[in-house]
Amino acid sequence: LREKQKLKRIYGIFEKQFKIYFREATKNKGNTADHLALIVKKRLDNVLYQMGVTRSRTHARQLIVHGHVKINNRRVNVPAYAVRPVEIITFRDKEKIRTQLAEIAAENAYRAVPGWISFDSQALQGEILAMPTVDDVKQPLQMQLIVEIASR
């Protein structure tokens, strides 16, 4: 139960949303725990955090909800949006926002961006190169315990 609570707290997921993700993970063939991990990794707020543009996933959620994030030049305001390959993530052309994000990106330059995401810190633009694989997902959580508790 603690592992499930940690997952929900880390990614900002509510119970109803977790049930939807779990149902989707069980429909896929293979290890349910791996599929669940991949589903939460594809969330837009997590991708922004992984790119190093935000200080936290909560900050990423705030940027998204306030309409500062664009995917393929279309404004997206849903933090749970599941990214897909070949999508380009950009930000609104507000000077204040772009300056703030550039500063945060410079602070987070030491963090490694996952191989399935490309990020240009000068242009403040990211691209989803491929879907994350099980090898890309390094969780501090025991996903198998979460699956066992959720499948009851």
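Going by the structure above, here's the rest.
Just so we're clear, the structure is a prediction, and the values are computed from it rather than from any experiment.

**Student:** Explain the overall build of the chain here, please?
**Tutor:** Summing up its helical and strand segments, the chain has seven helices and five strands in all. Seen in sequence order, the chain has helices and strands lined up from the N terminus as α-α-α-α-α-β-β-β-α-β-β-α. On C-alpha atoms alone, the chain measures out to a radius of gyration of 16 Å, which is about the 15 Å that the 2.2 N^0.38 rule sets for 152 residues. C-alpha atoms of the chain, sized along the principal axes, occupy 50 × 30 × 25 Å. Expressed as a percentage of the 152 residues in the chain, the buried residues total 43%. Sequence separation of at least 24 residues holds for 59% of the intrachain contacts in the chain that already meet a minimum separation of 6. For the chain, the accessible surface area stands at approximately 8700 Å², while carbon and sulfur atoms represent 49% of it. One finds the centroid of the 27 positive side-chain charges in the chain at a distance of 8 Å from the centroid of its 15 negative side-chain charges.

**Student:** For this particular structure, what's the right way to read the packing of aromatic side chains?
**Tutor:** Given two aromatic rings, one states the distance between the centres and the angle between the planes to describe the pair. Counted by the stated rule, this structure contains one aromatic pair. Centroid distance Phe 18 to Phe 22: 6.3 Å. Interplanar angle 20 degrees. Geometry classified as stacked. Highlighted residues: Phe 18 and Phe 22, both in helix 2 (residues 15–27), separated by four residues, approximately one helical turn. Neither Phe 18 nor Phe 22 differs from the other in exposure class; each is buried. Sitting over the ring of Tyr 49, Arg 111 keeps its end group 4.4 Å from the ring centre.

**Student:** Could you clarify how one ought to interpret the pairing of strand 5 (residues 125–128) in this entry?
**Tutor:** Along any regular strand, the residues point their side chains to alternate faces of the sheet. Burial along strand 5 is one-sided: the residues Gly 126 and Ile 128 are buried and none of Gln 125 and Glu 127 is. The pairing of strand 3 (residues 88–91) with strand 5 spans two bridges and is classified as antiparallel. Bridging across to strand 5, Ile 88 finds its partner in Glu 127. Direction of pairing for strand 4 (residues 117–120) relative to strand 5: antiparallel, over a ladder of four bridges. Looking at strand 5, one finds that Ser 118 is bridged to Glu 127. In textbook terms, the turn of a hairpin is the stretch between consecutive antiparallel strands, and for strand 4 and strand 5 this stretch comprises four residues, one of which, Leu 124, has a positive phi near 50 degrees.

Each value, and the rule that gives it
- Residues numbered from 1 in each chain as written.
- Predicted model: local features only at pLDDT ≥ 70, side-chain atom pairs only at ≥ 80, totals over all residues.
- Heavy atoms only, no water.
- Helix = DSSP H or I, 4+ residues; strand = E, 2+ residues; numbered from the N terminus.
- Rg over C-alpha atoms; globule rule 2.2 N^0.38 Å.
- Buried < 20%, exposed > 50% of the residue type's maximum accessible area, 1.4 Å probe, protein only.
- Contact = heavy atoms within 4.5 Å.
- Areas by Shrake-Rupley, 256 points an atom, 1.4 Å probe, with all protein chains shown as cover.
- Lys, Arg positive; Asp, Glu negative; His and termini not counted.
- Charge placed at Lys NZ, Arg CZ, Asp CG, Glu CD.
- Phe/Tyr/Trp six-rings, centres within 6.5 Å; stacked < 30°, edge-to-face > 60°.
- Lys NZ or Arg CZ within 6 Å of the ring centre and 35° of its normal.
- Pairing = 2+ DSSP bridges.

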